[in-house]
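Listed here are the chains, written in short residue letters.
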Amino acid sequence: SYQEGVDFVSRLAKLLVFCLGKNDGKKTQDEEGVSEVGEVPNNGKEISKGTEDVLTFLAFVAPYFHPSNTGAWTFPLGVFLHYLSYELCRRLARGASQSALAEKYPELAEKVETVEPYKAHSLIPDHELVLILDAMLPLCQQALYSKSSRVGRAGESALLYLTQIDHKICPVFLDFAMRALDISSVTLSHQAPAALSVLSRLVPPSLKKNPSFFLERLPEMLRLTLAGIDSNDEDKTIRTLIFYRTLTSWIPIRKNKTKKVNLNDNKKE
């Protein structure tokens, strides 16, 4: 059934994320003197067998994410991308919480790891995480412009999860969406609705971590999105209004009050 298929894809994504950073029980270079894993070097650092397998799998399915390459595989791959990003974000959050617990309460962390051993190995090496993000972000970009609206929303949610891992993703996709909205981009006019949805999704993470780059682009965003209110295009209009609603929900609109200074008080001091 439909739900059973979705459940299977979610479990598959969870299994793949669990394998990241793992070597399937093989000995590492430090243990036996010869490396049996990580044949692909990354700046002199070894890549685990689990991560290498996942990267190979993502490279294999990448052509099927192209918006023009649609078929029975389109929706399952969109669901897979959503759950893969979710499980990756969840694993890193679990690892970060366990590290914080071990730093402040080492005895408690040791007891937790005794009950749930997998928490001790939740963190993924930094150089492997970079490779994983580099492999997943292009898939998110392709999914955003899928002919299936459900796959497009899956790409948006996957992108939102990945921005929680690295806030530097936000500026890149903000600029990407703004280029699609520019009136000079005649060949990208079909991307305007998806670009508006991306902007709506990126408002909260952009303002949470480092709002300066978002606020610097805000005047240009407002100018470009104004053309999205089109009486002949209901879908684009709705997406534009959703962006404005999200924007006004996160940015306070009020008159900036200046503090009055009492000169007499200053003289007394």
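Rules and cut-offs
Residues numbered from 1 in each chain as written. Predicted model: local features only at pLDDT ≥ 70, side-chain atom pairs only at ≥ 80, totals over all residues. Heavy atoms only, no water. Helix = DSSP H or I, 4+ residues; strand = E, 2+ residues; numbered from the N terminus. Buried < 20%, exposed > 50% of the residue type's maximum accessible area, 1.4 Å probe, protein only. Areas by Shrake-Rupley, 256 points an atom, 1.4 Å probe, with all protein chains shown as cover. Phe/Tyr/Trp six-rings, centres within 6.5 Å; stacked < 30°, edge-to-face > 60°. Salt bridge = Lys/Arg side-chain N within 4 Å of Asp/Glu carboxyl O. Polar contact = N/O pair within 3.5 Å; in protein donor to acceptor, adjacent residues only side chain to side chain. Contact = heavy atoms within 4.5 Å. Patch = residues over 30% accessible without salt bridge, like charges linked within 9 Å, V, L, I, M, F, W, Y side chains within 5 Å. pLDDT = per-residue confidence, 0-100. Axes fitted to C-alpha atoms, helices over the stretch in contact; angles between N-to-C directions. Parallel < 35°, antiparallel > 145°, perpendicular 65-115°, else oblique. Left-handed = near helix turned anticlockwise from the far one by under 90°. Nonpolar A, V, L, I, M, F, W, Y, C, P; charged D, E, K, R; others polar. Core = buried A, V, L, I, M, F, W, Y, C linked by side-chain atoms within 4.5 Å. Expected span 1.5 Å × (residues − 1). Bend = angle between axes of the 7 residues up to and from the residue.

## A short note on the overall build of the protein
Step number 1: When its secondary structure is counted, the protein shows 12 helices and zero strands.
Step number 2: Order of helices (α) and strands (β) in the protein, N terminus to C terminus: α-α-α-α-α-α-α-α-α-α-α-α.
Step number 3: Put simply, the protein has 269 residues, and 39% of those count as buried.
Step number 4: For the protein, the exposed surface amounts to about 16500 Å²; the carbon and sulfur share of it is 56%.

## Focus on the packing of aromatic side chains
Step number 1: Considering all chains together, one arrives at six aromatic pairs under this definition.
Step number 2: Both rings, one in tyrosine 145 and one in phenylalanine 176, keep their centres 6.0 Å apart while their planes meet at 55°; by these two values the pair is tilted. On the criterion of sequence distance, the pair formed by tyrosine 145 in the loop between helix H6 (126-144) and helix H7 (149-165) and phenylalanine 176 in helix H8 (residues 169-181) is long-range, its members being 31 residues apart. No difference in accessibility class separates tyrosine 145 from phenylalanine 176, as the two residues are buried.

## Some details on the pattern of salt bridges
Step number 1: In the structure shown here, the tally under the stated rule is five salt bridges.
Step number 2: Between glutamate 156 and arginine 201 there is a salt bridge, with its nearest N and O atoms 3.3 Å apart. Linking glutamate 156 in helix H7 with arginine 201 in helix H9 (residues 192-209), this pair joins segments that are 45 residues apart in sequence.
Step number 3: A salt bridge links arginine 217 to aspartate 175; its shortest N-O distance comes to 2.7 Å. Of this pair, arginine 217 sits in helix H10 (residues 211-225) while aspartate 175 sits in helix H8, placing them 42 residues apart in sequence.

## Side note on the side chain of histidine 127
Step number 1: Mapped onto the elements, histidine 127 comes out in helix H6.
Step number 2: A distance of 2.8 Å separates the side chain of histidine 127 from the backbone oxygen of glutamate 46, its partner in a polar contact.

## Side note on the environment of valine 6
Step number 1: Position of valine 6 relative to the elements: it lies in helix H1 (residues 2-19).
Step number 2: The exposure class assigned to valine 6 is buried, which follows from its relative accessible area of 12%.
Step number 3: Residues valine 6 and proline 76 lie 70 residues apart in sequence; the distance between their C-alpha atoms is 7.5 Å.
Step number 4: When sequence neighbours within four positions are dropped, the list of residues in contact with valine 6 reads Val79 and Tyr83.

## Re the environment of phenylalanine 80
Step number 1: Residue placement: phenylalanine 80 occurs in helix H4 (residues 74-104).
Step number 2: As a C-alpha pair, phenylalanine 80 and alanine 158 span 78 residues in sequence and 9.6 Å in three-dimensional space.
Step number 3: Residue contacts for phenylalanine 80: discarding those within four places in its chain leaves Val9, Ala13, Leu16, Phe57 and Leu58.

## Let's talk about a nonpolar patch on the surface
Step number 1: On the surface, a nonpolar cluster with roughly 300 Å² of combined accessible area is contributed by Leu15, Phe18 and Tyr118.
Step number 2: Looking at where phenylalanine 18 falls in the secondary structure, it is placed in helix H1.
Step number 3: For phenylalanine 18, a relative accessible area of 46% gives the class partly exposed.

## A short note on the confidence of the model for the protein
Step number 1: Across the protein, the average pLDDT comes to 81, with 83% of residues at 70 or higher.
Step number 2: Long-range and interchain partners of residues 27-41, a stretch whose pLDDT sits below 50, account for 23 contacts in this model, where long-range means more than four residues apart.

## A closer look at the packing of H6 against H7
Describing two packed helices takes the angle between their axes plus the distance from one axis to the other.
Step number 1: It is at 8 Å that the axes of H6 and H7 come closest, and there the two elements cross at 150°. Judged by the angle between their axes, H6 and H7 are roughly antiparallel. The crossing of H6 and H7 is left-handed. Residues Leu129, Leu133, Met136, Leu137, Cys140, Ala143 and Leu144 of H6 pack against Val151, Gly152, Gly155, Glu156, Ala158, Leu159, Leu162 and Ile165 of H7.
Step number 2: Residue classes in the contact of H6 with H7 are distributed as 12 nonpolar, two polar and one charged.

## Considerations on the nonpolar core
Step number 1: Counting residues in hydrophobic clusters, the biggest one holds 60 residues, and the most contacted among them are Leu81, Leu84, Leu88, Met136, Leu159, Leu162 and Phe214.
Step number 2: Residue contacts for leucine 81: discarding those within four places in its chain leaves Phe65, Met136, Leu139, Cys140, Ala143 and Ala158.

## Structural notes on H7
Step number 1: Taking 1.5 Å as the rise per residue, H7 with 17 residues should run 24 Å; its terminal C-alpha atoms sit 25 Å apart, in good agreement.
Step number 2: What H7 keeps buried is the set Val151, Gly152, Ala154, Gly155, Glu156, Ser157, Ala158, Leu159, Leu162 and Thr163.
Step number 3: On the buried face of H7, the contacting elements are H4, H6, H8 and H9.

## Here we look at H10
Step number 1: With 15 residues, H10 ought to run about 21 Å at 1.5 Å a step, and its terminal C-alpha atoms sit 19 Å apart, in line with that.
Step number 2: Along its length, H10 shows its largest kink, about 45°, at leucine 218, and proline proline 219 lies within four residues downstream of that point.
Step number 3: Those residues of H10 not exposed but buried are Phe213, Phe214, Leu218, Met221, Leu224 and Thr225.
Step number 4: Contacts made by the buried residues of H10 are with H8, H9 and helix H11 (234-250).

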